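# Tertiary structure, described
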Amino acid sequence: MTGAENREQFRPADHPNDHFLLTTVVGSYPRPTWLARARELAEEGEFSADDLAEAHDDAAGLVAREHEEAGLDTVSDGEVRRDEMVEHVAANVDGFEFYGPVKVWDHNYIKKPSVVREVSGGDPWLVDEYAFARDVASRPVKVSITGPYTLARWSFDEVYDSDAALAADLADILNAEVRALAAAGARYVQFDEPALAAEPDDHPVVGECLDRLVADLPDEMRVSFHVCYGDYGRLQPAVNDFPIDEFDVELCNDDYEQLPTFEDPPLEPDLGLGVVDAHAARVESVAEIEANVRQGLRVVPPEKLTVSPDCGLKLLPRDVARGKLANLVTAARNVEAALDAGEIDLDDPAPAAD
Amino acid sequence: MTELVATTPGLFPLPDWAKTEVADRAGSGGGRHPGDGRGAVAEAYGRARREVLDDQVEAGLDRIVEGQLRWTDMLAHPLVASDATERGDVRRYYENNNFYRAPRVVAEPTPTGAVAEELRAARDHVGDAPLQAVLPGPYSLSDLAIDDRYGDPAEFLAAVAEFLAGEVERFPEVETLFLLEPSLVVNPPGDDLDARVPEAVDVVADATDADVVVYAYWGALEEKVYAHLMDATVEALGFDFVTEQDRTLYNVTEYGTTDAIAAGVVDGQNTRVEDPETVRERVDWIDERVPAQEFDRVYVTASTELFYLPTTIAREKLGVLAAATGEVEA
């Protein structure tokens, strides 16, 4: 399976150009502010579990709708039901326990889980999230999933001898989830491994996990792999051997300084290129994003280029996030039209700025 | 006869009630030194401090630390709290999923007496119980900070050492001073600078009559760094036996060590609570593996600062440390 072959299924029927640069999101999106209030009410006992579930549904539908209005080819529910990327998995997998919040920095805390016995799968949980978004969205829904290596690294491990052993068991559990997603109609998943950025030499562990994660998936399932920040030079060319369709990276934040890493040796999976900065609370202009999209063409041909934000947009003001996505799509469509018109020299697609 | 002393490297997790109370009132970002003065935040920190002091006394620890609950930027705190620094960028705290604001040193740092004040508050609460001060060692503090004043690593190290010595001079009487030096392991000083580390440590150690322990963790020291560190005039060097044993034992047997040592034998970063017997066996094992030397004293400690742990687990680990050192003398 190669990434280029299963991307055509995401081309909308009314796509305006011959070229097709797949536009997508990485995952999280700002929650509507009223959801925070609903969650407070639930904590205070003023809101029942059903009330909160309804609020989550409303928020998920709203985010998917905003993604569609921005014109994205594939959308998500913005992970509005998830508080934290490790916690939401640990809360649904048997073998984890939460002893209390631990510090991340300053006065920010996370509920870091402990593995207290061998992990095992319970009832599928990602499918419900997916099925709701699928039913309310008119575009295909991408599902982001915290990778097993990150889950292992960012948990207390009281049981296993190594991160690799714990991650392998978690990968098998997540593989069952992804197969259930496939059965429910999902065609696009993304495994997030931010922990790999801090320990790039652990890429063999992640490669082994990915083999487990994609076992018995249909060829139509597009598998993206996202690592935000870090030294990508220490992951390449190992990523070329990963069983993935797309490698999604955060390069905009660094002004594409690391792009040459993917030129030699050439990146084999499709490139998922961050073209808007997830940390900057300003909406980049269409022209600026177009220049970023063209950076991607230095590394892969148009049929292997996906464009996305650098990372999840959760921490941005909502109107900024919406503006970034709308401009991202316009920029991608403009570059497609320029490609159709033969206006872009693929040997020199991103001439250096003055 | 080896005296076993149950202690910790400080930096306790804030009690859960205080996590909410302090964050809500201080707002994210706090001040230069959160909880200064007499406001509600100061009161909350005071209550939290008394709680962690009581926890240690009740557990039966042989050295009581103040807990450093106000140190929001962890070991970088003493410089963050100094007027000579500006707020730098947010950086990863060693190889953990934690972050801190790196203090940017723009002028000669002068002591604030803030740590001394915390220790006096602790002293007032615990009475005669043996108190242990905890500071970053000079190398680690210089490594965590950004030098915008000196432009020379050796000069900067010396200035940080003088600054720490000034803080120590203001301390009330304490039994022990732990200088935490994780940077010596994680980001070891290069040639020339490694030879300056013992001098810098001595500058701080000479400012007090307390027993001084230099504790390096997250692995073994590089051989050369260790050899130089042996020139420091301190009561004890400390080693993280949770992360690494063989290379540390190699250093110790090859170059000798101090008459007293600190041994990190309880995992400060894992919620698995050790059995006191196992901890005691680890201490005995270390003793057996260094046949050339009988230690006067072993500080039996958690391997890292305790703030990585949920509060309930941190408290349980205090009990383990006390129980492991409590029975027969080795």
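Chains are numbered independently. Their residues run from 1 in the order of the written sequence. For this description, chains carry letters from A and ligands carry numbers from 1, given in the order in which they are written. At least 70 in pLDDT is required for a residue's local features to be given in this predicted model, at least 80 for side-chain atom pairs to be given and counted, and no such filter applies to totals for whole chains, interfaces and linings, which use all residues. Only hydrogens and water are removed before side-chain values are computed, so all heavy atoms of the structure are retained for them.

## Overview of the overall build of chain B
- When helices and strands are counted, chain B shows 12 helices and 11 strands.
- Taking 2.2 N^0.38 as the reference for a compact globule, 330 residues should give roughly 20 Å; the C-alpha atoms of chain B span a radius of gyration of 19 Å, in line with that estimate.
- In terms of its C-alpha atoms, chain B occupies a principal-axis envelope of roughly 50 × 45 × 35 Å.
- Any residue under 20% of the maximum accessible area for its type is buried, any over 50% is exposed, and the rest in between are partly exposed; the area is computed with a 1.4 Å probe on protein chains only. Here chain B, with 330 residues, has 60% of them falling under the buried criterion.
- We call two residues in contact whenever any of their non-hydrogen atoms come within 4.5 Å of each other. Look at the contacts in chain B between residues 6 or more apart in sequence, and 78% of them connect residues 24 or more apart.
- For chain B, the exposed surface amounts to about 12300 Å²; the carbon and sulfur share of it is 43%.
- Side chains of chain B give 28 positive and 64 negative charges; the mean places of these two sets differ by 8 Å. Numbering of helices and strands starts at the N terminus; helices are DSSP runs of H or I of at least 4 residues and strands are runs of E of at least 2. In this treatment the radius of gyration is a C-alpha quantity, and the globule benchmark scales as 2.2 Å times the residue count to the 0.38 power. The method behind every accessible area is Shrake-Rupley, applied with a 1.4 Å probe, and residues are considered shielded solely by the protein chains displayed. Positive charges come from Lys and Arg, negative ones from Asp and Glu, while His and the chain ends are left out of the count. Taken as the charge location is NZ of Lys, CZ of Arg, CG of Asp or CD of Glu.

## Regarding the interface of chain B and chain A
- Across the contact, 30 residues belong to chain B and 20 residues belong to chain A.
- Buried area: the accessible surface (1.4 Å probe) lost by two parts on joining, summed over both. When chain B packs against chain A, close to 2100 Å² is buried across both sides, 53% of that on carbon and sulfur atoms.
- Counting the surface chain B buries against chain A, the share from its top three residues, B:Lys19, B:Asn97 and B:Thr271, is 22%.
- Definition used for salt bridges: Asp or Glu carboxyl oxygen within 4 Å of a side-chain nitrogen of Lys or Arg. Between chain B and chain A we count 1 salt bridge in total.
- B:Arg101 is the salt-bridge partner of A:Asp106, the closest N and O atoms lying 3.0 Å from each other.
- Identification of polar contacts relies on pairs of N or O atoms within 3.5 Å, with a donor-acceptor requirement for protein atoms, meaning one able to donate a hydrogen and the other able to accept it, and with residues adjacent in sequence counted only if both atoms are side-chain atoms. For the interface between chain B and chain A, the tally reads 12 residue pairs in polar contact (both at pLDDT 80 or more).
- The element that contributes the greatest number of residues to the side of chain B that touches chain A is helix H1 (residues 16-26) of chain B, accounting for 5 residues.

## Points about helix H6 (residues 153-169) of chain B
Residues and elements named next belong to chain B.
- The length a helix should cover is 1.5 Å for every residue beyond the first. The terminal C-alpha atoms of H6, which comprises 17 residues, lie 24 Å apart, in line with the 24 Å expected from a rise of 1.5 Å per residue.
- With 12 of its 17 residues buried, H6 lies for the most part within the structure.
- Every buried residue of H6 is accounted for by Ala154, Phe156, Leu157, Ala159, Val160, Ala161, Phe163, Leu164, Ala165, Gly166, Glu167 and Val168.

## Describing the side chain of A:Gln295
Residues and elements named next belong to chain A.
- For Gln295, the position within the fold is in helix H9 (residues 286-296).
- Look at Gln295 and you get buried, because its relative accessible area is 17%.
- Setting aside anything within four residues of it in sequence, one finds Gln295 in contact with Tyr256, Leu259, Leu273 and Ala350.

## Side note on the sheet that holds strand S3 (residues 85-92) of chain B
Residue and element names in this part refer to chain B.
- Within the open sheet, the 3 strands sit side by side as S3-S4-S6. Their pairing is mixed. Edge positions in the open sheet fall to S3 and strand S6 (146-147), since each of these has one partner strand only.
- The pairing of S3 with strand S4 (residues 99-105) spans 6 bridges and is antiparallel. Residue Thr85 lies in a different strand from S4, and its bridge partner there is Val105. Any two strands between which DSSP finds at least two bridges are classified as paired.

## Here's the deal with empty space enclosed by the protein
- Of the grid points, spaced at 1 Å and generated over the protein atoms alone, those admitting a 1.4 Å probe that cannot get out make up cavities, while open sets with protein on both sides within 12 Å along at least five of seven lines make up pockets; any residue with an atom within 4 Å of a point is treated as lining. Grid points are joined across faces, edges and corners, and a volume is the space filled by probe spheres set on the points. For the coordinates displayed, the defined rule picks out 5 cavities of 30 Å³ or more.
- Here the largest cavity defines a volume of roughly 140 Å³.
- When its residues are assigned to classes, the lining of the largest cavity shows 10 nonpolar, 3 polar and 3 charged. Residue type decides the class: Asp, Glu, Lys and Arg count as charged, Ala, Val, Leu, Ile, Met, Phe, Trp, Tyr, Cys and Pro as nonpolar, and the leftover types, Gly among them, as polar.

## Describing the confidence of the model for chain B
- Values of pLDDT, the confidence the predictor places in each residue, fall between 0 and 100. Looking at chain B as a whole, its pLDDT mean stands at 94, while 95% of the residues score no less than 70.
- For this predicted complex, the interface confidence score (ipTM) comes to 0.90, while the overall pTM stands at 0.91.

## Observations regarding the packing of helix H11 (residues 276-289) of chain B against helix H12 (residues 311-326) of chain B
All names here are of chain B.
- Axes here mean lines fitted to C-alpha atoms, for a helix over just the part in contact, with angles spanning 0 to 180 degrees between N-to-C directions. Packing of H11 against H12 brings their axes to within 8 Å, and their N-to-C directions diverge by 60°. On the basis of their axis angle, the class for H11 and H12 is oblique. Note on packing geometry: the crossing formed by H11 with H12 is right-handed. For the pair H11 and H12, the contacting residues are Pro276, Val279 and Arg280 in the first and Val320, Ala323, Ala324 and Thr325 in the second.
- When its residues are assigned to classes, the contact of H11 with H12 shows 5 nonpolar, 1 polar and 1 charged. Reported orientations rely on four angle classes, namely roughly parallel under 35 degrees, roughly antiparallel over 145, roughly perpendicular from 65 to 115, and oblique for the rest. Each crossing gets its handedness from the near helix: less than a right angle anticlockwise from the far helix is left-handed, clockwise is right-handed.

## Digging into the pattern of salt bridges
All names here are of chain A.
- Under the criterion given, the structure shown has 46 salt bridges over all chains.
- One salt bridge in this structure joins Arg65 and Glu69, with 3.6 Å as the shortest N-O distance. With Arg65 and Glu69 both in helix H2 (residues 49-70) and 4 residues apart, the pair spans about one turn of that helix.
- Glu69 gets classed as exposed once you look at its relative accessible area, which sits at 57%.
- Notably, a salt bridge pairs Glu199 with Arg153, separated by 3.3 Å at the nearest N-O pair.

## Here we look at the sheet that holds strand S5 (residues 113-120) of chain A
All names here are of chain A.
- An order of S2-S5-S7 is seen for the 3 strands of this open sheet, with the pairing classed as mixed. Since the sheet does not close on itself, it has two edges, and those belong to strand S2 (94-98) and strand S7 (156-157), each with one partner.
- Examined bridge by bridge, S5 and S7 share 2 bridges and lie parallel to one another. Following the sheet pairing, Val115 is matched in S7 by Asp157.
- Across the sheet, helix H6 (residues 163-183) touches S2, S5 and S7, and the angle it forms with S5 is around 65°.

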